[in-house]
Amino acid sequence: AMGFEVFATVLNLDGEGAKHLRRVCSSRLTLLQVDITQPQQVQQALLDTKAKLGMRDLWGLVNNAGWCVNIGDVELSLMSTYRGCMEVNFFGTLNVTRTFLPLLRQAKGRIVTISSPSGEHPFPCLASYGASKAALNLFTNTLRHELEPWGVKVSTILPSAFKTGQSSNTEYWEKQYKNLIQDLPPSLLEEYGEEYLLETKELFQSYAKTAKEDLSPVIDTIVDALLSSQPQVRYYAGPGLSLMYFICSYLPLSISDRFLQKLFVQKKVMPR
């Protein structure tokens, strides 16, 4: 609507998300099939983008892909979950950014990355997701320093909880829960108790249902980071973040820990 030509990556060109974009967007939108964990697909996206741009520059890259399947404590989360989060949230974003950097340096453009407060604060049951976002935050901050001589500005957006297709997909979470129960060692399942895991899964689902559906706070920060002559290094998008960062930055750990526990998953069932 603002007149920009946009290259939007989707996991499936025939999926519902892609169909929706084709319906609501103009001819200035180009859809690209990209799984960011697959280097050859990322490289193909670069070639397709270059071909469409011709002699024009690429002004901005928005890193938005994210993956979270946590439904358990550190000990109860599968190693495949830790690796999966790192592959998408860190290595995938790293690869996309490095691949498109030559075009962005040439344009003296922008890099905008969607991260998460969980990469800076120890939310219960979010260790694998939070660790991947912590790695992403450090990478983005380092990149910001290194790209300053090139005139490329780098911003990080930290949103509060918003409702997305994955987070509100009950069927998806049920499947993840069943996989977890099947793959956990029987002794560990016995020590914690299945009722403990079940409560965690249900708390995640109920929390997802209360998340905000209006994504405009995040979209507005993306636009500002792309268009402002002096974009902010960090953007906080969504309600409650100022209070959370104040409590976690200035109050004793005993208070901030209790606040994070009450804010997120308020567990009542104890390990067996």
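Cut-offs applied
Residues numbered from 1 in each chain as written. Predicted model: local features only at pLDDT ≥ 70, side-chain atom pairs only at ≥ 80, totals over all residues. Heavy atoms only, no water. UniProt positions renumbered as here; feature names shortened; annotations may be inferred. Salt bridge = Lys/Arg side-chain N within 4 Å of Asp/Glu carboxyl O. Helix = DSSP H or I, 4+ residues; strand = E, 2+ residues; numbered from the N terminus. Buried < 20%, exposed > 50% of the residue type's maximum accessible area, 1.4 Å probe, protein only. Polar contact = N/O pair within 3.5 Å; in protein donor to acceptor, adjacent residues only side chain to side chain. Expected span 1.5 Å × (residues − 1). Bend = angle between axes of the 7 residues up to and from the residue.

The name that an unreviewed UniProt entry assigns to the protein is 11-beta-hydroxysteroid dehydrogenase type 2, with the source organism given as Carassius auratus ssp. 'Pengze'. The protein has a UniProt comment under Pathway (unreviewed entry) that states "Steroid metabolism."

Peer 1: Is there a simple way to explain the pattern of salt bridges in this structure?
Peer 2: A side chain of one charge can pair with a side chain of the opposite charge when the charged atoms of the two come close. On inspection of all chains with the given rule, the structure shows eight salt bridges. In this structure, Glu-5 and Arg-56 form a salt bridge, with 2.7 Å as the shortest nitrogen-oxygen distance. With Glu-5 in the segment before strand 1 (6-10) and Arg-56 in the loop between helix 2 (39-53) and strand 3 (60-63), this pair connects stretches of sequence that are 51 residues apart. Owing to a relative accessible area of 45%, Arg-56 belongs among the partly exposed residues under this scheme.

Peer 1: Can you walk me through the side chain of Thr-49 in this structure?
Peer 2: Along the chain, the position of Thr-49 falls in helix 2. There is a polar contact of 2.7 Å between the side chain of Thr-49 and the backbone oxygen of Ala-45.

Peer 1: Could you clarify how one ought to interpret the environment of Gly-165 in this entry?
Peer 2: Among the structural elements, Gly-165 can be located in the loop between strand 5 (153-159) and helix 5 (170-183). Take Gly-165: its relative accessible area is 60%, and that puts it in the exposed class. Remark: the alpha-carbon pair of Gly-165 and Gly-17, spanning 148 residues in sequence, is separated by 9.4 Å.

Peer 1: Would you explain helix 3 (residues 79-107) in this entry?
Peer 2: Side chains three or four residues apart in an α-helix point the same way, a direct result of the helix having 3.6 residues per turn. Taking 1.5 Å per residue, 29 residues should reach 42 Å; helix 3 reaches 40 Å between its end C-alpha atoms and fits that length. Its axis deflected by about 50 degrees at Leu-101, helix 3 carries its strongest bend there, up to four residues before the proline Pro-102. Positive backbone phi, approximately 50 degrees, marks Lys-108, located one or two places after helix 3.

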